[in-house]
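Here's the letter readout for the chains.
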Amino acid sequence: MRLDRLELINYRNYDRTIFDFSPQLNLIIGGNAQGKTNVLEAVYFLSAGNSHRISSASQLIKQGEMSSAIRSKITKDNGPITLEVMLSPSEKKRVKVGGVEKRRFSDLLGHLHAVIFSPEDLQLVKGGPERRRSFLDDTVVQIYPPHDYWRRRYERVLRQRNILLKSRSQGVDDGSLELWDKNLVEAGTKLVVGRLTVLNKLDKFATQAHLQITNQTETLRIDYLSRVTSGGVEGPREIGGKFHKELVKRRKDELDRKITLVGPHRDDLTLTVNGADVRLYGSQGQQRTVALALKLGQFRLIEEEVKERPLLLLDDVMSELDDDRRSFLVETIRSGTQVFITATTRDSIADQHIGDCKVIRIKDGKLIDEG
Amino acid sequence: MYATPVSNLIDELSKMPGIGPKSAQRLAFYLLKASQEDAQKLAEAIVHLKETVKFCPVCYNVTDEPECEFCADTHRDDTIICVVEEANDIVSMEKTGEYRGRYHVLGGAISPIDGIGPDDLRIKELLKRLEGDEVAEIIVATNPNIEGEATGMYLAKLIKPLGVTVTRLASGLPIGGDLEYADEVTLGSALKGRREI
Ligand SMILES: Nc1ncnc2c1ncn2[C@@H]1O[C@H](COP(=O)(O)OP(=O)(O)OP(=O)(O)O)[C@@H](O)[C@H]1O
Ligand SMILES: [Mg+2]
Ligand SMILES: [Zn+2]
């Protein structure tokens, strides 16, 4: 698949800018804070329905403006399609697919696929569990859009339940908590099942990539860490059953501590390299390699599942990676992938990595013509 | 920041659902520019609405009669009450042409996020209507979202011990959607396929 045209209207530091992209390599060049990441963010937004940087869409609207839009023309194997997203601070996010306004914003999902590599990826390994959960959920959503519905539904029940717990006097069970349990368990089970199904395949691709980057010397292993499943071959029935049992068991604790203590919002991924937890024991280089392998795994998984190459968005990473890792990245993506690379100067990307490409120069939210 | 009359209006407008401070500001400045006549009409329409339209004392539907048309209609089935969140949900149910029973409007759904508990809904009023032995079934037609379902469960826990059957519309309604968006055919078949909670 490829993105032929992107139009940003009142988006971040852009007034109204149209980008025409090459089907192969696009280099987005500009100084710091000129709007390079903003372009990649907009492309990613079309694939994920949210930004890779922030959760509130209102920050994406240009300051002082009432609304903003991202418009795009895309070519897929089965033909062209247009996607348009409209954001406003007071209304829900809106979406048009093929020019037709959809009732649900989530109808955006499943059309464009993109994987973003950025310096923050290291936080996938070093950061807190919520980073890894979002990474996994984002991956599931790209290949199975209904996951987004269960994810949002789960978050909503969880919030209802936590606010209820906060408002109760400590330790008193008046039966009101129970009203939310069924939906918590139902949505939570769907979440866990989606995550496990995808993780199974992601694990294979990421481990493969990791072996290749390390010249077959280091083995990556990804495990799902959860109170509601042992991660094995359990089906929804077992997971739901365990979840519910655990909830009942921890009810008193929950009432005392006034927060929901059981569920996939507390799950995590453990990343081990040659048997040691890389978050705790890995060197900086090992942690980088694992982050890279996770993203490459995501790329290949999406490719295999949707039967088309996702777009590859490389934000500032070319300067971050050492030669070996950089060559490896370029090698794996060479043919048939549409790539977007940001850099502050044209020179920071060595020629042997490039070949034919389109150079797009931006300054202060505007295109500068090559002169 | 603004003259008091302007900021008063902005405050009042931003209390409305779906209106944030920015939209309120935009509406206020629109009204400031509007003709005296248009502004007068709007103000009168609001006052007239509050003076003439009242809640039906039986089911809490909106009406400008002493009782709403569904409560006043002697041909409807008294043994069955369909419980909805808002008065406009009655319109959706009526469009199906499948329902001939009575209604009860709760005035919302249980939602701790919005500070709404069972006591904020017209549940006591519903229980009162069950005091005779006439009502045999309550159909819970709250929205098919988590708040609507939690409200349904609460009602079932309360009402089943009274010997009244409590049913819920069959699923198949648009996932996570509101009743008001469901088309007549979907809603009609959800009504026929209702199940006991
Ligand atoms: N909502 C907004 N309205 C207006 N300007 C914004 C908004 N959000 C971000 N910006 C501006 O966008 C610029 C940052 O853009 P971006 O993150 O794309 O920079 P960049 O080119 O990737 O820089 P770097 O090389 O430092 O990563 C900043 O000048 C910031 O003030
Ligand atoms: Mg940047
Ligand atoms: Zn009535």
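Residues numbered from 1 in each chain as written. Chains lettered and ligands numbered in written order. Predicted model: local features only at pLDDT ≥ 70, side-chain atom pairs only at ≥ 80, totals over all residues. Heavy atoms only, no water.

Draft legend 1. Expanded view of the overall build of chain B. The helix and strand inventory of chain B stands at eight helices and seven strands. Viewed in the frame of its principal axes, chain B has a C-alpha envelope of about 60 × 35 × 35 Å. Within chain B, contacts between residues separated by at least 24 positions form 57% of all contacts whose residues are at least 6 apart in sequence. Of the roughly 11,100 Å² of accessible surface on chain B, 54% is carried by carbon and sulfur atoms. Chain B carries 21 positive and 33 negative side-chain charges, and their two centres are separated by 3 Å. (Helix = DSSP H or I, 4+ residues; strand = E, 2+ residues; numbered from the N terminus. Contact = heavy atoms within 4.5 Å. Areas by Shrake-Rupley, 256 points an atom, 1.4 Å probe, with all protein chains shown as cover. Lys, Arg positive; Asp, Glu negative; His and termini not counted. Charge placed at Lys NZ, Arg CZ, Asp CG, Glu CD.)

Draft legend 2. Broad picture of the site of ligand 1. All names here are of chain A. Looking at ligand 1, there are 16 residues lining it, with N32, A33, K36, T37 and N38 nearest. Take A33: an N or O atom from its main chain is 2.7 Å from an oxygen atom of ligand 1. Contact between ligand 1 and Q63: a nitrogen atom at 3.0 Å from a main-chain N or O atom of the residue. Contact with the protein chains covers 72% of the free accessible surface of ligand 1, which is 660 Å². (Near = heavy atom within 4 Å. Polar contact = N/O pair within 3.5 Å; in protein donor to acceptor, adjacent residues only side chain to side chain.)

Draft legend 3. Spotlight on the coordination of the zinc ion (ligand 3). Residue and element names in this part refer to chain B. Bound to the zinc ion (ligand 3) are the protein donor atoms C56 (SG), C59 (SG), C68 (SG) and C71 (SG), situated 2.3 to 2.4 Å from the metal. Considering all four donor atoms around the zinc ion (ligand 3), the spread of angles at the metal, 100 to 118°, places the coordination shape in the tetrahedral class. Mapped onto the polypeptide sequence, the residues donating to the zinc ion (ligand 3) form the spacing pattern C-x2-C-x8-C-x2-C. Residue C56 is located in the loop between β1 (54–55) and β2 (62–63), and its partner C71 is located in helix α4 (residues 69–72); the two are separated by 15 residues in the primary sequence. The exposure class assigned to C71 is buried, which follows from its relative accessible area of 12%. (Donors = N, O, S within 2.8 Å, 3.2 Å for Na, K, Ca; no water. Tetrahedral: all angles 85-135°; square planar, octahedral: opposite > 155°, others 65-115°. Buried < 20%, exposed > 50% of the residue type's maximum accessible area, 1.4 Å probe, protein only.)

Draft legend 4. Local environment of the confidence of the model for chain B. Residue and element names in this part refer to chain B. Mean pLDDT over chain B works out to 89, with 93% of the residues at or above the 70 mark. For chain B, the element scoring lowest by mean pLDDT is helix α8 (residues 184–192), at 76; strand β4 (residues 101–105) scores highest, at 97. Complex prediction metrics read pTM 0.85 and ipTM 0.79. (pLDDT = per-residue confidence, 0-100.)

Draft legend 5. Expanded view of the interface of chain B and chain A. Every contact between the two is made by 23 residues of chain B and, on the other side, 19 residues of chain A. Between chain B and chain A the total buried area reaches about 2,000 Å² when both faces are included, carbon and sulfur atoms providing 63% of it. At the surface where chain B touches chain A, the tally comes to three salt bridges. Its salt-bridge partner being R156 of chain A, residue E147 of chain B comes within 2.7 Å of it at the nearest N-O pair. Our enumeration of links across chain B and chain A arrives at seven residue pairs in polar contact (both at pLDDT 80 or more). (Buried area = accessible area lost by both parts, 1.4 Å probe. Salt bridge = Lys/Arg side-chain N within 4 Å of Asp/Glu carboxyl O.)

Draft legend 6. Spotlight on the side chain of K76 of chain A. All names here are of chain A. Position of K76 relative to the elements: it lies in strand β4 (residues 68–76). Buried within the structure, K76 lacks any salt-bridge partner; its nearest side chain of opposite charge belongs to E308, at an N-O separation of 4.6 Å. Among the polar contacts made by the side chain of K76, one reaches the main-chain carbonyl oxygen of H111 at a distance of 2.7 Å. For K76, the residues in contact, after removing those within four places along its chain, are M1, I81, G110, H111 and E308.

Draft legend 7. Fine view of the packing of helix α1 (residues 4–13) of chain B against helix α2 (residues 21–33) of chain B. Residues and elements named next belong to chain B. For the pair α1 and α2, the least separation of the axes is 9 Å and the interaxial angle reads 130°. Relative to α2, the element α1 is oriented oblique. Crossing of α1 against α2: the hand is right-handed. Judged by residue contacts, V6, L9, I10 and L13 of α1 engage A24, Q25, L27, A28, F29 and L31 from α2. Considering only residue class, the contact of α1 with α2 consists of nine nonpolar, one polar and no charged. (Axes fitted to C-alpha atoms, helices over the stretch in contact; angles between N-to-C directions. Parallel < 35°, antiparallel > 145°, perpendicular 65-115°, else oblique. Left-handed = near helix turned anticlockwise from the far one by under 90°. Nonpolar A, V, L, I, M, F, W, Y, C, P; charged D, E, K, R; others polar.)

Draft legend 8. Structural detail: helix α5 (residues 178–213) of chain A. All names here are of chain A. Relative to the 52 Å expected for 36 residues at 1.5 Å per residue, α5 spans 49 Å between its end C-alpha atoms, a close match to the ideal helical length. Along α5, the sharpest kink reaches roughly 30°, centred on L199. Looking one or two residues beyond α5, the residue adopting positive phi is N215, at roughly 50°. (Expected span 1.5 Å × (residues − 1). Bend = angle between axes of the 7 residues up to and from the residue.)

Draft legend 9. Highlighting the packing of aromatic side chains. What the rule picks out here adds up to eight aromatic pairs over all chains. Between F21 of chain A and F340 of chain A, the ring centres sit 4.8 Å apart and the planes meet at 85°, which makes this aromatic pair edge-to-face. In this pair, F21 of chain A sits in the loop between β2 (14–20) and β3 (25–29) while F340 of chain A sits in strand β13 (residues 339–343), placing the two residues 319 residues apart along the sequence. For F21 of chain A, a relative accessible area of 8% gives the class buried. Of note, R122 of chain B hangs over the ring of F55 of chain B, and the distance from its end group to the ring centre comes to 4.8 Å. (Phe/Tyr/Trp six-rings, centres within 6.5 Å; stacked < 30°, edge-to-face > 60°. Lys NZ or Arg CZ within 6 Å of the ring centre and 35° of its normal.)

Draft legend 10. Focus on the sheet that holds β2 of chain A. All names here are of chain A. Strand order in the open sheet formed by six strands is β2-β1-β4-β5-β6-β7, with antiparallel pairing between adjacent strands. With partners counted over all chains shown, the strands left at the sheet margins are β2 and β7 (100–101), one partner each. Pairing of strand β6 (residues 94–97) with β7 involves two bridges; the strand directions are antiparallel. Residue pairing in the sheet places K96 in a bridge with E101 of β7. (Pairing = 2+ DSSP bridges.)

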